[in-house]
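Structural description and commentary
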Amino acid sequence: MSVNVRIPTILRTYTGGESEVTADGGKLAEVLADLEKNHPGIAARVLDDEGKLRRFVNVYVNDDDVRFEQGLETPTPDGAGVSIIPAVAGGAR
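Starting afresh in each chain, residues are numbered from 1 along the sequence in its written order. The model is predicted, so local features are restricted to residues of pLDDT at least 70 and side-chain atom pairs to those at 80 or more, both for listing and for counting; the totals for chains, interfaces and linings are taken over all residues. Processing note: side-chain calculations cover all non-hydrogen atoms of the structure and skip hydrogens and water entirely.

**Points about the overall build of the chain**
- Secondary structure elements are taken from DSSP: a helix is a run of H or I of four residues or more, a strand is a run of E of two residues or more, and numbering for both begins at the N terminus. Check the secondary structure of the chain and you find two helices and five strands.
- Along the chain, from the amino end to the carboxyl end, the secondary structure elements read β-β-α-α-β-β-β.
- Expected size for 93 residues packed as a compact globule is a radius of gyration near 12 Å; at 13 Å, the chain falls within 12% of this value.
- With the C-alpha coordinates aligned to their principal axes, the bounding extent of the chain is approximately 45 × 30 × 25 Å.
- For each residue, the accessible area found with a 1.4 Å probe, counting protein chains only, is set against the maximum for its type, and the residue is called buried under 20%, exposed over 50%, and partly exposed in between. Across the 93 residues of the chain, 35% fall into the buried class.
- Accessibility throughout is a Shrake-Rupley quantity obtained with a 1.4 Å probe, and a residue counts as covered only by protein chains that appear here. Accessible surface for the chain amounts to roughly 5,700 Å². Of this, 50% is attributable to carbon and sulfur atoms.
- Charge separation in the chain, taken as the distance between the mean sites of 10 positive and 15 negative side-chain charges, equals 9 Å. The reference for a compact globule is 2.2 Å times residues^0.38; the radius of gyration itself is calculated from the C-alpha atoms. Charge assignment in this entry is limited to Lys and Arg as positive and Asp and Glu as negative, and neither His nor the chain termini are counted. Every charge is mapped onto a representative atom, which is NZ of Lys, CZ of Arg, CG of Asp or CD of Glu.

Structure below.
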């Protein structure tokens, strides 16, 4: 299954500046593995040393936050949109 992965600006150095790339996989874990195969180094920015999603990185499959779905086992149907969004901290004083 092929999905479209939206890449945040901070990770575009791994994708040659591309804001969107395709990746294959029926589950999010497979999509991230394929993304790493084609864009080495990107997975380390999304996953921690234990292979879990980093605390301050949000991932959505279509409009669903995978933390409230099945995490890395969240299904990624053909044509789905996957968004990687780094959390933003801070605010006005």
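**Re the nonpolar core**
- One finds V5, V46 and V59 to be the most contacted residues of the largest nonpolar core, which totals 22 residues.
- Among the elements of the structure, strand 1 (2–6), strand 2 (20–24), helix 1 (28–38), helix 2 (43–46), strand 3 (57–61) and strand 5 (81–86) are those that each provide at least two residues to this core.
- Of all the elements, helix 1 adds the most residues to this core, at four residues. Take the buried residues of types Ala, Val, Leu, Ile, Met, Phe, Trp, Tyr and Cys, join any two whose side-chain atoms come within 4.5 Å, and each joined set is a nonpolar core.

**Regarding the confidence of the model for the chain**
- The pLDDT value tells you how sure the predictor is about a given residue, anywhere from 0 up to 100. On average, residues of the chain score 94 in pLDDT, and 95% of them reach the 70 mark or higher.
- Mean pLDDT values over the elements of the chain span from 95, in helix 2, up to 98, in helix 1.

**A short note on the pairing of strand 5**
- Should DSSP find at least two bridges between two strands, the strands are taken to pair. Pairing between strand 1 and strand 5: three bridges, direction parallel. Note that in strand 5 the partner of V5 across the bridge is V82.
- Note that strand 3 and strand 5 share five bridges and pair antiparallel. Bridged to V59 within strand 5 is I84.

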